[in-house]
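One-letter residues, chain by chain:
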Amino acid sequence: MSEASIYPFKKIEKKWQEAWRKNNVFSASVSCDKPKYYLLEMFPYPSGRIHMGHVRNYTIADVAARYKMAQGYQVLHPMGFDAFGQPAENAAIKNKTHPKTWTLKCIDWMRKELEAMGFSYDWNREVSTCLPEYYRWNQWIFLKMFERGLVYRKEALVNWCADCATTLANEEVIDGKCWRCKKEVVQKDLEQWFIRITEYKERLLDDLEKLDHWPSQVIAMQKNWLGKSEGVEIYFRMKGSDTILPVFTTRQDTIFGATYVVLAPEHPLVKQLIKDSPQEKEILDFIDKVAKETKTVRTASDVKKEGRFTGAYAINPVNNNEIPVWIADYVLMEYGTGAIMAVPAHDQRDFLFAKEHNLELKIVIESQNSKAGRQNELLEAYEGDGIQVNSAQFDGLSNQEAKVKIARWMEESGIGKKTTNWRLRDWLISRQRYWGTPIPVIHCDSCGIVPVKEEDLPVELPDKVEFSGTGGSPLSYVKSFIQAECPRCKGRARRETDTMATFFDSSWYFLRFCSPKYDKAPFDKKEAAYWMPVDQYIGGIEHAVLHLLYSRFFTKFLRDIGLLDLSSPIGDEPFLRLLTQGMVLKEGEVMSKSRGNIVDPDSIIKNYGTDTLRLYILFAAPPEAEMEWSERGIEGAFRFLNRVWRLLDHLDRLPKDAQISPILKKETHRAIKKVSQDLENFKLNTAISAVMELVNAIYREIETDIREAARVAVFLISPFAPHMAEEMWQRMGNNESILSAGWPEYDEKFLREETVTMAVQINGKVRSKVDVSCDITEDELKKTVLSDDKVKDRLKDEVIKKFIVIPKKLVNIVV
RNA sequence: GCGGACGUGGCGGAAUUGGCAGACGCGUAUGGCUUAGGACCAUAUGGAGAAAUCCAUGGGGGUUCAAUUCCCUCCGUCCGCACCA
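Residues numbered from 1 in each chain as written. Chains lettered and ligands numbered in written order. Predicted model: local features only at pLDDT ≥ 70, side-chain atom pairs only at ≥ 80, totals over all residues. Heavy atoms only, no water.

K.L.:
Residues and numbers for the overall build of chain A, please.
P.N.:
When helices and strands are counted, chain A shows 28 helices and 32 strands. Taking the principal axes of its C-alpha atoms as reference, chain A extends roughly 110 × 90 × 50 Å. Taking all 815 residues of chain A together, the buried fraction comes to 54%. Counting every atom, chain A has about 38300 Å² of accessible surface; 48% of that belongs to carbon and sulfur. Here chain A contributes 115 positively and 118 negatively charged side chains, and the mean placements of these two sets differ by 2 Å. (Helix = DSSP H or I, 4+ residues; strand = E, 2+ residues; numbered from the N terminus. Buried < 20%, exposed > 50% of the residue type's maximum accessible area, 1.4 Å probe, protein only. Areas by Shrake-Rupley, 256 points an atom, 1.4 Å probe, with all protein chains shown as cover. Lys, Arg positive; Asp, Glu negative; His and termini not counted. Charge placed at Lys NZ, Arg CZ, Asp CG, Glu CD.)

Laid out in structure tokens, this is it:
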């Protein structure tokens, strides 16, 4: 390749990035006469280097931002850094640098990389969550939650990652492993800080209905996570005592088939039941054994269900049958009441356990297809629908009907109560780490837990800390930090040393972007009212339940306390549209450091320029699908951009007598229409192919007057390859940035066709084609088609039964 | 087990209120331009066949004049949740 045929991307990209910065073209402000558009990407953790996932995420968004700007929207497109978190602390231990120094350096580095991609961020609005001017508002929001009873401290079994030396929220435990370090998570009894997110569960579930523009997958995942399940709590009485044992079930229709009861080993009743009994020791040993198992082992489906008989009996309240009480590892304390009624005939887990321990089995639902009397042949539990049998007054009903009636009957007779159970737990937010927002609370021996006064915020992180990397929060060794005065009694007190989970920081950053320098509240109510909700949010699917659930909760809470003024069709939901971009793969695997298959964006930018990288990453696959990295693909994108660039030469050499080509005119307007529609719907890969088609058409008509078509091509490519577009636009004689030149409009009149080629089908198979005028009548069309040689040939002796016309597309002759 | 997404050439992918399957790109082939080219230009490119033609959107079935698109069923892949009672 000769140098002359390669477009000077290095020079151009630098030139325009500087121009955009100098002229502040991406700064957003409240405007009365323009519609607003808030475009947001999930802000990155400042690891120091951007990877292809970032590139893809931010490029998708940047195209939308530039398109909306060109269309005349007032676009808010901010960027910031989710800057607290463990990697900084680990780096501190390893490199003997302070987490703050390390983080701020990484932020600088990353900001430069993002700028080199030419992204249209309003850098005046940048926020970093690790700075006191940001995290003081974390503390402020925490205090507001505290005031309203949404924050509490409780000793409980919590998830503990020994490797990270800290607690984890349920949402952070994936397959029993730590979401960050992938090491096994254990349960530990600790006193921790929780947020009562469960208070909002109904709203979090119901409002999912409003999110029409979210991927169904994310909606499903959140529903799943909230895990609403409706059933009945049934009260069993213990034989020989007044103790009541409530169990939860969604299958009250099987209550007559309950042949034993099972408690979780941790159930508080267990110790009381076995006290002084002969099997006490054996059972305590069993409980001990189960407690030592990790959750992954305990819940593995291939593990045999183990259990012990307690020696106690419970009374089934519907028929006064005495049934044995067992404990078993397959019943979990944290769900329902920690106790179940076992119906081995109609629940596979109970079935397996009953077989194992020789327990009674009683059929109460008969499948409609099966014959009665197969009790002894059961090979597995029957979990489907059917007709009630052995169920007293409910015999003969369908089980679905019985479900309703039994629930009502239980409520009326005091045997049970309709209950709704949720999977969602309260959110554990305290972490035993340094690099996070200090929880603004003081422990006083006489006053107990006392919140820090609002005017004393922020509680700043002390700079001087030791990072031993061995046990306990580094903050708990900083005497000057711990020593505090009780805000209430002024006595000597102790400052809380736990910090907040970083998901707290990211649950409201989108609101901070509306007024990032505001110092009277987390955000300016008026500014937020103008910009919110986020019109388009773009990020990875990995936050489907974590960040996206917390953010929805925060927004609702902040609205409830009157801080947020939201009036949109989605009410107190923060994100109108959500796009979850697919992952970038190499040889079918996710790019990752550990796999060593990373392609560094910097090297691509160096060799081909950022416009090529941007174009390629969007062209290779639809935004929400996975994409496979291909070096060949990069070259193809680069070739195409060079082809576009060479249009400048052809414009210089335009023949004096060049005529406007009606074909090219049509192609031009068709391209505007197609690209605009595709951009509207984030069909970016096909938008790019439409631009390619236009460029191909220009080259086919290169002898004609291509000026309009070339101008449009530059516009249409501008969201994807903004640097090249700016440069070409300028070289085509324009002084203003293409960003302020608007977006081309298409005119239907150029799209109208005089004639059209219609396919002629006989019995649904294409047999010929005819060129006809667009406004041909059906009679004339029929005549033309039937006089076509190929058709005549085919139809010789056939009788035409039907003649179907799809205007401008095809005719189908049925014989 | 429950829930979600998906299955189209050698490859990435187009086409959805049912209407010409394979747009666009990659790769490949042939030719041109060239001292040369991994640059550029032109042509071809789902499979079978000399051709007419036939076959083809994971498999099978259905609805229809017409199905990649709608329905049923089976197979397969990916993702989320899960001894959740």
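Having seen the model, we can carry on.
K.L.:
Describe the protein's contact with RNA strand B, and please don't skip the residues or the numbers.
P.N.:
In the region of RNA strand B, 54 residues are neighbours, and Lys305, Tyr335, Arg349, Ala620 and Lys769 sit closest. Backbone atoms, meaning sugar plus phosphate, form 64% of the atoms of RNA strand B positioned within 4 Å of the protein. Within the side chain of Asn224, a nitrogen or oxygen atom sits 3.0 Å from a base nitrogen of RNA strand B. In the model, a phosphate oxygen of RNA strand B is placed 3.0 Å from a nitrogen or oxygen of the Tyr335 side chain. In terms of residue class, the surface near RNA strand B is built from 20 nonpolar, 15 polar and 19 charged. (Near = heavy atom within 4 Å. Polar contact = N/O pair within 3.5 Å; in protein donor to acceptor, adjacent residues only side chain to side chain. Nonpolar A, V, L, I, M, F, W, Y, C, P; charged D, E, K, R; others polar.)

K.L.:
Give a description of the side chain of Glu172 that names residues and reports values.
P.N.:
Locating Glu172 in the fold gives a position in the loop between strand 4 (166-168) and strand 5 (173-174). On the accessibility criterion, Glu172 (3% relative accessible area) is buried. Among the polar contacts made by the side chain of Glu172, one reaches the main-chain amide nitrogen of Ala169 at a distance of 2.8 Å. Beyond its immediate chain neighbours, meaning those up to four positions away, Glu172 contacts Lys177, Cys178, Trp179, Arg431, Phe503 and Leu546. (Contact = heavy atoms within 4.5 Å.)

K.L.:
Explain helix 5 (residues 132-147) to me, using residue names and the numbers behind them.
P.N.:
End to end, helix 5 covers 22 Å across 16 residues, agreeing with the expected 22 Å (1.5 Å per residue, within 8%). In terms of burial, helix 5 is a largely internal element, 12 of the 16 residues being buried. Buried within helix 5 are the following residues: Pro132, Tyr134, Tyr135, Trp137, Asn138, Gln139, Trp140, Ile141, Phe142, Leu143, Lys144 and Met145. Count one or two residues on from helix 5 and you reach Gly149, which has phi positive near 70°. (Expected span 1.5 Å × (residues − 1).)

K.L.:
Provide a residue-level description of the state of the cysteines, including the pertinent values.
P.N.:
Scanning all chains against the criterion turns up zero disulfides. Counting only cysteine sulfurs, Cys489 is the nearest neighbor of Cys444, a cysteine outside any disulfide, at a range of 3.6 Å. (Disulfide = S-S within 2.5 Å.)

K.L.:
So what's going on with the confidence of the model for chain A? Residues and values would help.
P.N.:
Averaged over chain A, the pLDDT score is 91; the fraction of residues at 70 or greater is 96%. With pTM at 0.93, the complex prediction returns an ipTM value of 0.94. (pLDDT = per-residue confidence, 0-100.)

K.L.:
So, the pattern of salt bridges: which residues are in play, and what are the values?
P.N.:
Side-chain pairs of opposite charge can arise where the charged atoms are in close proximity. Counted according to the given criterion, the structure contains 43 salt bridges. The partner of Arg203 in a salt bridge is Asp572, and the shortest N-O contact between them spans 2.8 Å. With Arg203 in helix 6 (residues 201-206) and Asp572 in the loop between helix 17 (547-560) and strand 25 (575-580), this pair connects stretches of sequence that are 369 residues apart. On the basis of relative accessible area, Arg203 is assigned to the partly exposed category, the value being 28%. With a closest N to O distance of 2.9 Å, Lys281 and Asp285 form a salt bridge. Of this pair, Lys281 and Asp285 both sit in helix 9 (residues 280-292), four residues apart, which is roughly one turn of the helix. Within the structure, one salt-bridge network assembled from shared partners comprises Arg203, Asp207, Lys210, Arg552, Lys556, Arg559, Asp560, Asp572 and Glu573. (Salt bridge = Lys/Arg side-chain N within 4 Å of Asp/Glu carboxyl O.)

K.L.:
Residues and numbers for the sheet that holds strand 30 (residues 765-773), please.
P.N.:
Read across the sheet, four strands follow the order 30-29-32-31 without closing on themselves; strand pairing throughout is mixed. Of all the strands in the sheet, the pair left with one neighbour each is strand 30 and strand 31 (802-806). Strand-to-strand twist across the sheet, computed as the mean angle between neighbouring axes with direction ignored, equals 20°. (Pairing = 2+ DSSP bridges. Axes fitted to C-alpha atoms, helices over the stretch in contact; angles between N-to-C directions.)

K.L.:
Describe the side chain of Ser737, naming the residues involved and giving the relevant values.
P.N.:
As for its position among the elements, Ser737 is in the loop between helix 25 (722-731) and helix 26 (748-751). A distance of 2.7 Å separates a polar atom in the side chain of Ser737 from a polar atom in the side chain of Glu726. Within the structure, the side chain of Ser737 is placed 3.0 Å from the backbone nitrogen of Leu739, a separation counted as a polar contact.

K.L.:
Tell me what's going on with the packing of aromatic side chains, and back it up with residues and numbers.
P.N.:
For the coordinates displayed, the defined rule picks out 44 aromatic pairs. Arranged with centres 6.5 Å apart and planes meeting at 80°, the rings of Tyr58 and Tyr121 form a pair that is edge-to-face. Taken together, the positions of Tyr58 in helix 2 (residues 52-70) and Tyr121 in the loop between helix 4 (99-116) and helix 5 put the pair 63 residues apart, joining distant regions of the chain. For the ring pair Tyr530 and Trp531, a centre distance of 4.7 Å and an interplane angle of 80° mean the geometry is edge-to-face. The pair formed by Tyr530 and Trp531 is uniform in burial state, with each residue classed as buried. Among the aromatic residues, ring-to-ring pairing joins Trp179, Tyr200, Trp427, Phe503, Phe504, Tyr550, Phe553 and Phe554 into one connected group. Looking at Arg66, its charged tip hangs above the ring of Trp20, at a distance of 4.4 Å from the centre. When the ring centre of Trp160 is taken as origin, the NZ or CZ atom of Lys188, which lies over that ring, is 4.0 Å away. (Phe/Tyr/Trp six-rings, centres within 6.5 Å; stacked < 30°, edge-to-face > 60°. Lys NZ or Arg CZ within 6 Å of the ring centre and 35° of its normal.)

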